[in-house]
Amino acid sequence: MTEIEVPGPEPDWQPATQPPYYTGRNPAHQYSVWEHSAPLFQMIGVLALPVRPVAQRLRLHVERSWDGLDDLDVVLFRLKGFSFAISKHDGNPVGVSYVWLTQPHEQADKALDTLLEVVGIGEDAVAFRGDAHEDPAERTATAQDAGSPDEVTDVTLPTSLWARFRRAIGRTQ
């Protein structure tokens, strides 16, 4: 069989993971598994501790990943019927981690309480319940809020999760 040789990258191509995306000569823009999945997640709280102690308690492997914001530590796991992710971006405040449900659930508070109970920590470990990046003044409409799309008026659509996240940690675009 003949060996096929792929040429190396062009000298003026920036790394495909390097922002600002689509501004260099590299025609490719790579995105991470986390960046692809996280917009589907439901943030349920912020813990006042890093990812690793929780992962060690549950004997989870902390994955090192990256996305359009920064490098991050993340664990994804199931616990008593809930699917969780706990993440910490390098650029976020030290000593906090974000708790997500990988599948939105109506009982987000119960999910967070379940996590706290199994990990063996109390409410004092919770820095924030809910979505820390959601502006409570923003009004969003869902299909359940209105009988038909025609009934939705005067609604401000929320900015993307990543835009709210960047704003929350002081990194505006």
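I will try to describe carefully the structure that is included in this document.

Rules behind the numbers
- Counting starts from 1 at the beginning of each chain's written sequence and moves along it residue by residue.
- Where local features are concerned, this predicted model is filtered to residues with pLDDT of at least 70; where side-chain atom pairs are given and counted, the filter is 80 or more; whole-chain, interface and lining totals use all residues.
- Note that water and hydrogens are dropped before the side-chain values are worked out from all heavy atoms of the structure.
- Numbering of helices and strands runs from the N terminus, with a helix taken as a DSSP run of H or I at least four residues long and a strand as a DSSP run of E at least two residues long.
- Any residue under 20% of the maximum accessible area for its type is buried, any over 50% is exposed, and the rest in between are partly exposed; the area is computed with a 1.4 Å probe on protein chains only.
- By the convention used here, residues are in contact when the closest approach between their heavy atoms is within 4.5 Å.
- Computed with the Shrake-Rupley method and a 1.4 Å probe, the accessible areas treat only the protein chains shown as cover for residues.
- Take a side-chain nitrogen of Lys or Arg and a carboxyl oxygen of Asp or Glu: if they are within 4 Å of each other, that pair is a salt bridge.
- Classification of ring pairs uses Phe, Tyr and Trp, with its six-membered ring standing for Trp, and accepts pairs whose centres are within 6.5 Å; under 30 degrees between planes counts as stacked, over 60 as edge-to-face, and the remaining range as tilted.
- Helix axes are fitted to C-alpha atoms over the stretch in contact, other axes to C-alpha atoms as well, and angles between N-to-C directions run from 0 to 180 degrees.
- Any angle between 65 and 115 degrees counts as roughly perpendicular, while under 35 counts as roughly parallel, over 145 as roughly antiparallel, and the rest as oblique.
- Gly is put with the polar residues, along with every residue not named as nonpolar or charged; the nonpolar set is Ala, Val, Leu, Ile, Met, Phe, Trp, Tyr, Cys and Pro, and the charged set is Asp, Glu, Lys and Arg.
- What the arc describes is the spread of directions from the helix axis to the C-beta atoms.

### A few points about the overall build of the chain
Each helix and strand in the chain was counted, giving four helices and six strands. Starting at the N terminus, the α and β elements of the chain follow one another as α-β-α-β-β-β-β-α-β-α. Looking at the chain as a whole, 37% of its 173 residues are labelled buried. Across the chain, the fraction of contacts at a sequence separation of at least 24, relative to all contacts at a separation of at least 6, is 54%. Carbon together with sulfur atoms contributes 51% to the accessible area of the chain, which is approximately 11,200 Å² in total.

### Describing the pattern of salt bridges
Counting across every chain of the model gives seven salt bridges. R64 is the partner of D90 in a salt bridge, and the nearest nitrogen-oxygen pair spans 2.5 Å. Of this pair, D90 sits in the loop between strand 4 (82-89) and strand 5 (97-101) while R64 sits in strand 2 (residues 63-66), and the two are 26 residues apart along the sequence. Here D109 ties to R129 by a salt bridge, and the two come within 3.2 Å at their closest N and O atoms. In this pair, D109 sits in helix 3 (residues 108-119) while R129 sits in strand 6 (residues 126-129), placing the two residues 20 residues apart along the sequence. On the accessibility criterion, D109 (47% relative accessible area) is partly exposed. Looking at R129, the relative accessible area reads 27%, which means it is partly exposed. Several salt bridges share partner residues, and in doing so they unite R52, R64, D73 and D90 into one network.

### A few points about the packing of aromatic side chains
Evaluated as defined, the whole model comprises five aromatic pairs. Ring centres of W34 and F41 lie 5.5 Å apart, and the angle between their planes is 75°; this geometry places the pair in the edge-to-face category. In this pair, the class of W34 matches that of F41, namely buried. Here the aromatic residues W34, F41 and W100 are joined through ring pairs into a cluster of three or more.

### Looking at the packing of helix 2 (residues 51-58) against helix 3
Packed helix pairs are characterised by how far apart their axes lie and by the angle those axes make with each other. With their axes 10 Å apart at the nearest point, helix 2 and helix 3 run at an angle of 65° to one another. Looking at the two axes, helix 2 sits roughly perpendicular to helix 3. Of the residues in helix 3, those in contact with V54, R57 and L58 of helix 2 are L115, V118 and V119. Considered class by class, the residues forming the contact of helix 2 with helix 3 number five nonpolar, no polar and one charged.

### A word on helix 2
Listed in full, the buried residues belonging to helix 2 are V51, V54 and A55. Looking straight down helix 2, one finds its buried side chains confined to an arc of 100°; they lie on one side. Turned more than 90 degrees away from the buried face of helix 2, the exposed residues are Q56 and R57. Looking at the packing, one finds that the buried side of helix 2 touches strand 1 (42-47), strand 3 (71-79), strand 4, strand 5 and helix 3. Just past helix 2, the residue R59 takes up positive phi, approximately 55°.

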